Amino acid sequence: MPTRRHRLSNMRWSGLLPFALAAVVLVCASAQNNNACDQPSLTKMVDGLAGNLIDCDNGVECNIVTCNSAGNVVNIVVDQVSGVSGGSLPSSIQSLSSLEVLVLKDVALEGTLPPSLGSLANLSTLVIHAAPQLSGSVPASLGSLERLINLQLTSNTALSGPLNDTVCELAQLRRLDVGNNQLGLEVTQVPTYVVETEWSNASADWNASTDGEPIAVQVNRSVLVDVEFFLGLPSCLGSLGQLSTLDVGGNRFAGAIPASLASLPNLQSLKLNDNQLNATIPATLLGGTQLREVVLDGNTLTGPLPATAASPSLTQLSVAYNKLTGSIPASLLTNLSATLAVLNINGNALSGTVPRTLASMTSLVAFLADENDLSGEPVSYTHLRAHET
């Protein structure tokens with residue numbers, strides 16, 4: 001179905017997102033007889049909204065709204081446009097029943113993600129990036145978005161957990177990027193008791209000369225306090241068979257790496273860095289035949305490096321700043337001798353001799369092994385030095 005995108009240049013667009021979305025619905029509904037989005041109405045909508053505004057002059061791209069030939073909104077994209085202030089996603093967004101793409105980057109969203117997002121049955125792409133005032137958790141209703149292919153909720157530093165298991169119902173999902181939030185943290189209010197002191201006979205008309213000295217009495221009171229719980233990664237992520245990119249870095253997830261991740265047949269990029277993951281690296285984690293990069297930096301993983309890797313295309317393996325022990329498996333380097341470009345094992349407790357296999361890995365451009373207990377060196381670092389210079 002043909003679409004038409006409107007570049008709202010040389011004008012201003014309001015940062016009051018709820019009003020803007022409501023206006024877009026009305027505009028595109030009124031355009032059905034014209035078989036296109038009504039540009040004059042869009043202009044009136046943009047210019048007529050009050051509040052802190054985006055200046056789309058000076059070459060800034062403002063391709064915000066796309067409608068189909070029936071006049072229904074299919075795309076809303078606010079990408080790399082600065083100056084938006086305030087606003088939240090309204091529950092009424094569910095009225096955009098034809099919406100396929102919703103991208104809001106560097107928009108100062110406030111409030112929470114409305115559960116009504118789960119009603120957008122045609123949504124294939126949902127991207128919300130760099131909204132530090134966005135709070136609450138990811139709605140479980142997102143699991144109803146059967147056509148969702150691309151889910152990116154990134155750098156929303158107040159967005160907390162849990163990452164509900166319903167995300168595993170997104171069978172068509174190819175990209176799940178929820179890096180740099182707080183999805184591994186769940187804050188729950190728990191009742192507790194505190195002891196306070198009250199004056200039993202004090203009142204507004206209390207008079208010391210006639211009423212005597214006030215009497216101090218200790219009273220137990222129930223109050224609610226915030227308690228933090230650190231959550232693990234849902235093991236059901238291994239059921240997302242179409243997934244090619246999984247990034248949950250920087251979320252404070254705890255516990256073990258789900259072994260089920262090794263069964264993702266199309267996974268190319270796996271980033272679990274900067275969490276609180278512990279236990280050992282699953283022996284089969286590098287078994288995916290499509291893997292290109294695996295980044296596990298900044299956790300508290302223990303035990304040895306996996307001894308083998310099945311992927312013929314793995315170019316980056318980074319496990320820096322964990323608590324890994326044992327030696328560097330020569331068998332792992334043999335498996336990756338033709339493809340591996342970056343091997344980062346900095347900041348662990350690995351020991352033994354650096355395998356001579358490393359010298360024959362002609363694709364390797366960076367081998368980082370500081371802050372370990374390793375000894376020796378490969379026969380030749382010539383190819384490494386050549387790449388570094």
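Residues numbered from 1 in each chain as written. Predicted model: local features only at pLDDT ≥ 70, side-chain atom pairs only at ≥ 80, totals over all residues. Heavy atoms only, no water.

**Considerations on the overall build of the protein chain**
We count it as follows: Numbering of helices and strands starts at the N terminus; helices are DSSP runs of H or I of at least 4 residues and strands are runs of E of at least 2. Throughout, exposure labels follow a simple rule: accessible area from a 1.4 Å probe, protein chains only, divided by the maximum for the residue type, with under 20% read as buried, over 50% as exposed, and the rest as partly exposed. By definition, residues are in contact when any of their heavy atoms lie within 4.5 Å. What sets the accessible areas is the Shrake-Rupley method with a 1.4 Å probe; for residues, cover comes only from the shown protein chains.
Counting secondary structure elements, the protein chain contains 5 helices and 25 strands. Burial status across the protein chain gives 47% buried among its 389 residues. Long-range pairs, those at least 24 residues apart, make up 61% of the contacts in the protein chain between residues at least 6 apart in sequence. For the protein chain, the exposed area adds up to about 17800 Å²; of that, 49% sits on carbon and sulfur atoms.

**A look at the state of the cysteines**
This is how the line gets drawn: In this description, a disulfide is simply a cysteine sulfur pair whose atoms lie within 2.5 Å.
Counted according to the given criterion, the structure contains 1 disulfide. Here C168 pairs with C236 through a disulfide, and the sulfurs are 2.0 Å apart. Residues C168 and C236 share a disulfide whose torsion about the S-S bond is about 70°; that sign makes it right-handed. Taken together, the residues span a long stretch of sequence, with C168 in the loop between β10 (150-154) and β11 (175-177) and C236 in the loop between β13 (216-230) and β14 (245-247) at a distance of 68 residues. With relative accessibility at 22%, the residue C236 sits in the partly exposed group.

**Observations regarding the pattern of salt bridges**
Filter applied, for reference: A carboxyl oxygen of Asp or Glu within 4 Å of a side-chain nitrogen of Lys or Arg is what we treat as a salt bridge.
Evaluated as defined, the whole model comprises 2 salt bridges. A salt bridge links R175 to D177; its shortest N-O distance comes to 3.4 Å. On the basis of relative accessible area, R175 is assigned to the partly exposed category, the value being 34%.

**Some words on the pairing of strand β8 (residues 125-129)**
What counts, and what does not: Being paired, for any two strands, means DSSP has found at least two bridges between them.
Most of β8 sits inside the fold, with 4 of its 5 residues counted as buried. Bridge count for strand β6 (residues 101-105) against β8 is 5 bridges, and the pairing is parallel. Residue V103 lies in a different strand from β8, and its bridge partner there is V127. Bridge analysis of β8 against β10 gives 5 bridges, and the strand direction is parallel.

**Some details on the sheet that holds strand β23 (residues 349-353)**
A sheet is described by the order of its strands in space; here 4 strands give the open sequence β19-β21-β23-β25, paired in parallel fashion. At either end of the open sheet lies a strand with only one pairing partner, and these are β19 (302-303) and β25 (373-375). Pairing geometry for β19 and strand β21 (residues 323-326), over 2 bridges, is parallel. For G303, the partnering residue across the bridge sits in β21 and is L324.

**Focus: the confidence of the model for the protein chain**
As a reminder of what qualifies: As a per-residue quantity, pLDDT reports the predictor's confidence and falls between 0 and 100.
Residues with a pLDDT of 70 or more make up 72% of the protein chain, whose mean pLDDT is 78. Considering only residues more than four positions removed or in separate chains, one finds that residues 1-16, a stretch of pLDDT under 50, has 66 contacts. A low-confidence stretch, residues 385-389 (pLDDT under 50), is modelled with 4 contacts involving residues beyond four sequence positions or located in other chains.

**Considerations on the side chain of D297**
The condition is simple: When charges are counted, Lys and Arg contribute as positive and Asp and Glu as negative, whereas His and the chain ends are disregarded. Counting of polar contacts relies on pairs of N or O atoms within 3.5 Å, with two restrictions inside protein: one atom must be capable of donating a hydrogen and the other of accepting it, and residues adjacent in sequence are counted only when both atoms are side-chain atoms.
As for its position among the elements, D297 is in the loop between β18 (293-295) and β19. K271 provides the closest opposite charge to the buried, unpaired D297, separated from it by 9.8 Å. Among the polar contacts made by the side chain of D297, one reaches the main-chain amide nitrogen of A320 at a distance of 2.8 Å. Ignoring any residue separated from it by four or fewer positions in sequence, one finds D297 in contact with N273, D274, S318, V319, A320 and N322.

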